[in-house]
Amino acid sequence: MGNITTGSATVPEVIANRSIIIFIPGYKDLHCVAIDFELDLVADQIPDWQKITRNQGASLTPESIALIRHLRAGNKITFNEIRVKCRNCRIRTLPPFTLTIK
């Protein structure tokens, strides 16, 4: 997510770095963009029916940001089903990654 390079971030850091940037070590000239992704929030204060949201493009939707604002230290955000398209390749799904709110 943006400039977040570790597995943890504060809520303001997540909101400030709201776009997924695709970087694959060793491939400087590989330009991929996120098509869509799913957020899975692990937080007791959010109702179960709101914990999974789908985001189009590379950025968090306003709805996802509103939910993230409710997160507390120790809550988790898992980015699942991150679909990317490279300039000269097919659509690929990246493995999930998780951020812990600090």
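> I'd like a description of the overall build of the protein chain, backed by residues and values.
Check the secondary structure of the protein chain and you find 2 helices and 6 strands. Beginning at the N terminus, the succession of helices and strands in the protein chain can be written as β-α-β-β-α-β-β-β. For the protein chain, the C-alpha atoms occupy an extent of roughly 45 × 25 × 20 Å along the three principal directions. Here the protein chain, with 102 residues, has 38% of them falling under the buried criterion. Within the protein chain, counting contacts between residues at least 6 apart in sequence, those at least 24 apart form 57% of the total. Of the roughly 6,300 Å² that the protein chain leaves accessible, carbon and sulfur atoms contribute 55%.

> Just give me the short version of the state of the cysteines, but keep the residues and values in it.
Going through the model one piece at a time under the given rule, you end up with 1 disulfide. The disulfide that involves C32 links it to C86, with 1.9 Å between the sulfurs. Disulfide C32 to C86: torsion about the S-S bond roughly 75 degrees, handedness right-handed. Of this pair, C32 sits in strand β2 (residues 32–42) while C86 sits in strand β4 (residues 76–86), and the two are 54 residues apart along the sequence. Taking the relative accessible area as the measure of exposure, C32 reaches 12% and is therefore buried.

Basis of the calculations
- Residues numbered from 1 in each chain as written.
- Predicted model: local features only at pLDDT ≥ 70, side-chain atom pairs only at ≥ 80, totals over all residues.
- Heavy atoms only, no water.
- Helix = DSSP H or I, 4+ residues; strand = E, 2+ residues; numbered from the N terminus.
- Buried < 20%, exposed > 50% of the residue type's maximum accessible area, 1.4 Å probe, protein only.
- Contact = heavy atoms within 4.5 Å.
- Areas by Shrake-Rupley, 256 points an atom, 1.4 Å probe, with all protein chains shown as cover.
- Disulfide = S-S within 2.5 Å.

Interpretation in functional terms is not warranted from these geometric data alone.
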